Amino acid sequence: MISLKHVYKTYDSDRHALRDISFSLNSQELIFLTGPSGAGKTTLFKLLSLQEKTSSGELSCHNKSMSDFNLKQMVEYRRKLGIVFQDFRLMTELNIFDNIAVPLKIQKYSKKEISFAVESVLERFGLAEHAKSFPDYISGGEKQRVAIARAVVHKPDLLIADEPTGNLDRKNALSVLSIFQDLSAQGVAVMIATHDEEFLKSTSSRTSIRQIHLDAGQVLKDQSL
Amino acid sequence: MKIIYIIFMSLCVGILSSVLLVKQNTSIIFGDASDLYTVNISVDKSQSPEKIESILQEIKNIDKSQIKKVTLISSQELIADVEKVLPNYSSGLFEKEELEQILNPAVEVQLSAEANSASIIEKMKMITGINQVVFSGDWVEKFKSIFTAANHILDTIFILFFIILSFLITVLIRNLLISTKESISLQALMGATPQQSFFKPFSQIMIATFISYIIGMAMTFLIGAVIRQKISENTDLGFIHDRMSFLNQTSLSLIAVGLIFNLVISYGLSFMYIRKEFYKND
Ligand SMILES: Nc1ncnc2c1ncn2[C@@H]1O[C@H](COP(=O)(O)OP(=O)(O)O)[C@@H](O)[C@H]1O
Ligand SMILES: [Mg+2]
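Residues numbered from 1 in each chain as written. Chains lettered and ligands numbered in written order. Predicted model: local features only at pLDDT ≥ 70, side-chain atom pairs only at ≥ 80, totals over all residues. Heavy atoms only, no water.

K.L.:
Break down the side chain of S42 of chain B for me, with residues and values.
P.N.:
Residue position: S42 of chain B is located in strand β1 (residues 38-43). Those residues within four positions of S42 of chain B in sequence are excluded, and the remaining contacts are N104, P105, A106, I130, N131 and Q132 of chain B. (Helix = DSSP H or I, 4+ residues; strand = E, 2+ residues; numbered from the N terminus. Contact = heavy atoms within 4.5 Å.)

Following this line, the structure appears as structure tokens:
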């Protein structure tokens, strides 16, 4: 579905944030992107969400080079993408229900479709009682689940999550992990960045898991667990 | 924060529309060029109608292209004018014949604005049977340079405040975009089009601009109404009161065009900014 060929990214001319990255990812894959802080995980996600351009190499989606995307294609691509941000990035002026509804509103779903889809994810992530709460008044674990709910409510093809468990305790982290496993079982390609390799050991073996290990901008390991 | 912008924008709009109001009314009050270039000639008394007719012809012949209109005002007409002004009790004070003896028939000549008035007036004075030549444009000529200077100042004020207004609107949209940057970038990442992403800040700028225009115009209307009120209290200025008008269609269209121009500029600027910031790929 998505493939990278000899991708480089440099911010300042002297140092590469990403160096010669090549791999491809397919639907239903659950990929852990591991590596120490500063390895280039966030940078890779910024390329995947078109927030940054590659310095060289090719990034393509369904064999179409993403650097050739026009505005319309870019918007369409982003609508099939779900992003879970490390710092959640919820809109504090909207309640939980409306936060989760944002991607659907952008894609002009009808009111009925929105309330049906939002209610079902609220239910699924155990957030139903918080529908009317505001982000500042819920716990960190709940915010994380809202962020994930918002990233999947529009049924994306690819979900990217940057350090999604960084702010969570072990119990919450495990419950988030099982959510990701369910999603990939349903056909969503899921990519999770984490600097915590211990975390991988806690995954149950019901789905196949792939690990891509980055260090100093290079892929050091690409293996199935 | 937005309130301060609205106050300053209203002031700008108030100044802009006041300038338009003043410009529009100066031409109405002081009349147009044809009003200004009038020569009043009085003819010697007790001339035969044939002689007067030939004087009129001689005036016309001085310069056919530059003399627009020649009108004879007979003694009878002048008497009628005088009687209109004088109170009733004065009627019968003079015999009509006596008056005709006193009043000279008059001729009103209208010159075109480009006419060489001095030489034409010289030639008029040389026609026999003409008693006196008075050029109403004489005083106008003296004030004309001041008048044009004042007009230039008004134009400059207009342009200056239009630029300030555009600048204020641009700064306002910039601040709104920056303060909503987080939500704009989030929406862009969720697949919102640039128009969708800046819908909220742009609708805010639209509302703020409309409010400012309405307040500014209301200010001008109020000032106009106060001036009119003051003028109507002074009977000598009655003619100004009659001629003075509020913003006419041209001024209103100019203001509307300015409003649309400013909104188009801020729409374009926000579109460019957002595309550059959040749709880098393209
Ligand atoms: N906007 C930026 N400007 C300059 N350098 C950057 C920028 N973003 C990231 N970097 C650098 O790129 C490298 C990779 O960073 P990042 O992708 O954030 O790593 P990770 O997410 O794995 O911790 C780091 O050395 C970082 O300093
Ligand atoms: Mg990072």
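From this point on, the discussion continues.
K.L.:
Please set out the interface of chain B and chain A residue by residue, giving values where relevant.
P.N.:
Of the residues lining the interface, 20 residues belong to chain B; the matching set on chain A comes to 26 residues. Across the interface of chain B and chain A, roughly 2000 Å² is buried in total on both sides, 59% from carbon and sulfur atoms. On the surface where chain B and chain A come into contact, there are one salt bridge. E182 of chain B is paired through a salt bridge with R89 of chain A; the nearest N and O atoms lie 2.9 Å apart. Across the chain B-chain A interface, the total number found is seven residue pairs in polar contact (both at pLDDT 80 or more). Ranked by the residues each element gives to the side of chain B that touches chain A, the list is headed by helix α8 (residues 181-189) of chain B, at seven residues. (Buried area = accessible area lost by both parts, 1.4 Å probe. Salt bridge = Lys/Arg side-chain N within 4 Å of Asp/Glu carboxyl O. Polar contact = N/O pair within 3.5 Å; in protein donor to acceptor, adjacent residues only side chain to side chain.)

K.L.:
Hey, could you go over the site of ligand 1 for me, with residue numbers and the actual values?
P.N.:
Residue and element names in this part refer to chain A. Neighbouring ligand 1 are Y11, R15, A17, P36, S37, G38, A39, G40, K41, T42 and T43. Between ligand 1 and the protein, one listed contact pairs an oxygen atom with a side-chain N or O atom of R15 at 3.1 Å. Here an oxygen atom of ligand 1 and a backbone polar atom of A39 are 3.2 Å apart. In isolation ligand 1 exposes 560 Å². Once the protein is present, 65% of that is buried. In terms of residue count, the dominant contributor to the shell around ligand 1 is helix α1 (residues 41-48) (three residues). Per-class residue counts for the shell around ligand 1 are four nonpolar, five polar and two charged. (Near = heavy atom within 4 Å. Areas by Shrake-Rupley, 256 points an atom, 1.4 Å probe, with all protein chains shown as cover. Nonpolar A, V, L, I, M, F, W, Y, C, P; charged D, E, K, R; others polar.)

K.L.:
Any details on the sheet that holds strand β2 (residues 16-25) of chain A? Residues and values, ideally.
P.N.:
Residue and element names in this part refer to chain A. In spatial order, the strands read β2-β1-β4-β5; together these four strands make up an open sheet with antiparallel pairing. Sheet topology places β2 and β5 (64-65) at the edges, where each strand pairs with a single neighbour. Here strand β1 (residues 2-10) pairs with strand β4 (residues 56-61) via five bridges, running antiparallel. Residue pairing for β4: L4 is matched across the bridge by L59. (Pairing = 2+ DSSP bridges.)

K.L.:
Tell me about unusual backbone geometry, residues and numbers included.
P.N.:
Residue and element names in this part refer to chain A. For F88, which is not glycine, the phi dihedral falls at a positive 65°. Here F88 is to be found in the loop between β6 (81-84) and α3 (96-106). Phi is positive for K108, close to 60°, though the residue is something other than glycine. Among the structural elements, K108 can be located in the loop between α3 and α4 (111-124).

K.L.:
I'd like a description of the environment of S197 of chain B, backed by residues and values.
P.N.:
All names here are of chain B. By the element assignment, S197 lies in helix α9 (residues 194-197). Among the residues examined, S197 registers a relative accessible area of 2% and is labelled buried. Sequence spacing of S197 and S183 is 14 residues, and the spatial spacing of their C-alpha atoms is 8.1 Å. Discounting chain neighbours no more than four positions away, the residues touching S197 are I184, Q187, A188, A192 and Y279. (Buried < 20%, exposed > 50% of the residue type's maximum accessible area, 1.4 Å probe, protein only.)

K.L.:
Can you tell me about the confidence of the model for chain A, naming the residues and giving the values?
P.N.:
For chain A, mean pLDDT is 90; residues scoring 70 or higher make up 98% of the total. Across chain A, α3 of chain A holds the top mean pLDDT of 97, while helix α7 (residues 198-201) of chain A sits lowest at 75. (pLDDT = per-residue confidence, 0-100.)

K.L.:
Pulling in residues and values, what's your account of the nonpolar core?
P.N.:
Membership of the largest hydrophobic core comes to 73 residues, with the highest contact counts inside it found for I2, Y77 and M191 of chain A together with Y279 of chain B. With near-sequence residues (within four places) excluded, Y279 of chain B lies in contact with L71, M74, V75 and R78 of chain A together with A188, A192, T193, P194, S197 and I274 of chain B. Core analysis: the second largest hydrophobic core is formed by 41 residues, A101, V118, L159 and V190 of chain A among them. (Core = buried A, V, L, I, M, F, W, Y, C linked by side-chain atoms within 4.5 Å.)

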